[in-house]
Amino acid sequence: GAGVSQSPSNKVTEKGKDVELRCDPISGHTALYWYRQSLGQGLEFLIYFQGNSAPDKSGLPSDRFSAERTGGSVSTLTIQRTQQEDSAVYLCASSFGIDNEQFFGPGTRLTVL
Amino acid sequence: AQSVTQLGSHVSVSEGALVLLRCNYSSSVPPYLFWYVQYPNQGLQLLLKYTSAATLVKGINGFEAEFKKSETSFHLTKPSAHMSDAAEYFCAVSAPGGATNKLIFGTGTLLAVQP
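Residues numbered from 1 in each chain as written. Chains lettered and ligands numbered in written order. Predicted model: local features only at pLDDT ≥ 70, side-chain atom pairs only at ≥ 80, totals over all residues. Heavy atoms only, no water.

Visitor: Provide a residue-level description of the overall build of chain B, including the pertinent values.
Guide: Scanning chain B for helices and strands turns up 0 helices and 11 strands. Its C-alpha radius of gyration of 14 Å places chain B within 12% of the 13 Å reference for a compact globule of 115 residues. For chain B, the spread of C-alpha atoms along the three principal axes comes to 45 × 30 × 20 Å. The proportion of buried residues among the 115 residues of chain B is 44%. (Helix = DSSP H or I, 4+ residues; strand = E, 2+ residues; numbered from the N terminus. Rg over C-alpha atoms; globule rule 2.2 N^0.38 Å. Buried < 20%, exposed > 50% of the residue type's maximum accessible area, 1.4 Å probe, protein only.)

The structure is reproduced here in structure tokens:
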């Protein structure tokens, strides 16, 4: 079956603009994660969704970052008033259940000019 | 809390030589441990995982890793490197049974394979 997909694959934006990044998890996977990969910070956890439970937002770096997951499937990560330090690759992963293998998407490369 | 340390941000081996990538972890609970590989401009692919069963774990592409609790290590090895193994490798830890299963990653090791 299809893997985790993310769109767009690349996004270039100007400082101060808002961006939306999309993740389509593997069908049937109940858990969804967002991670960020940047030169300065490496790979870091951002947010986690599991079923209908309240998301774990402990990794979001500021209140400019938010995410939602509609209908237990597709997720959107929104960054408001982007800053240059937001430039990174944003990775989405999904898993079937909380302790199972996470499958990663190809990522969205965000460049903030 | 969990953390991972990968010693050596860059490792270079000759084709056919042993690959050894080092990972040490810290965890307040029995951990799950993972090795992921990332090829250029691609996402992460799971190589292998330790989830408290056998301490010697075999993965894809001939890689294996051994969980050593006494050394808090989970080093990745492959007997004979191939050119296609050139990539970045990430060790990660998670704490099973908690409210989340987020992965805590090491800083990565870039493996170069020389002909």
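Visitor: Please provide a residue-by-residue account of the sheet that holds strand β3 (residues 19–26) of chain B, values included.
Guide: Residue and element names in this part refer to chain B. Sheet architecture is open: 5 strands sit in the order β1-β3-β8-β7-β6, paired in antiparallel fashion. For this open sheet the edge positions go to β1 (3–7) and β6 (56–58), each flanked by a neighbour on one side alone. The sheet shows a mean angle of 20° between the axes of neighbouring strands, direction not considered. The pairing of β6 with strand β7 (residues 64–68) spans 3 bridges and is antiparallel. Of the residues in β7, the one forming a bridge with L56 is E66. (Pairing = 2+ DSSP bridges. Axes fitted to C-alpha atoms, helices over the stretch in contact; angles between N-to-C directions.)

Visitor: A description of the interface of chain A and chain B should follow, citing residues and the corresponding values.
Guide: Every contact between the two is made by 18 residues of chain A and, on the other side, 19 residues of chain B. Our count for the contact surface shared by chain A and chain B stands at 0 salt bridges. Looking at the side of chain A that touches chain B residue by residue, the classes come out as 9 nonpolar, 5 polar and 4 charged. (Contact = heavy atoms within 4.5 Å. Salt bridge = Lys/Arg side-chain N within 4 Å of Asp/Glu carboxyl O. Nonpolar A, V, L, I, M, F, W, Y, C, P; charged D, E, K, R; others polar.)

Visitor: With reference to specific residues and values, describe unusual backbone geometry.
Guide: All names here are of chain A. With omega at -10°, the peptide bond leading from S7 into P8 counts as cis. Within the secondary structure layout, P8 lies in the loop between β1 (5–7) and β2 (10–13). With a phi angle near 45°, R81 is a residue other than glycine that sits in the positive phi range. Here R81 lies in the loop between β7 (75–79) and β8 (88–95).

Visitor: Any chance you could break down the packing of aromatic side chains for me, citing the residues and the numbers?
Guide: Aromatic ring pairs: the centre-centre distance and the angle between the two ring planes describe each pair. All names here are of chain B. Scanning the entire structure with this criterion turns up 14 aromatic pairs over all chains. Here the aromatic rings of F63 and Y89 are separated by 5.5 Å at their centres, their planes lie at 45°, and the arrangement is tilted. Of this pair, F63 sits in the loop between β6 and β7 while Y89 sits in strand β9 (residues 87–94), and the two are 26 residues apart along the sequence. Residue F63 is classed as buried on the basis of its relative accessible area of 1%. (Phe/Tyr/Trp six-rings, centres within 6.5 Å; stacked < 30°, edge-to-face > 60°.)

Visitor: How would you summarise the sheet that holds β1(A) if you had to cite specific residues and measurements?
Guide: Residue and element names in this part refer to chain A. With respect to topology, 4 strands assemble into an open sheet ordered β1-β3-β7-β6, the strand pairing being antiparallel. A single partner strand is all that each edge strand has here, and the edge strands are β1 and β6 (65–69). Direction aside, neighbouring strands of the sheet carry axes that sit 15° apart on average. Alignment of strand β3 (residues 19–24) against β7, held across 5 bridges, turns out to be antiparallel. Bridged to C23 within β7 is S75.

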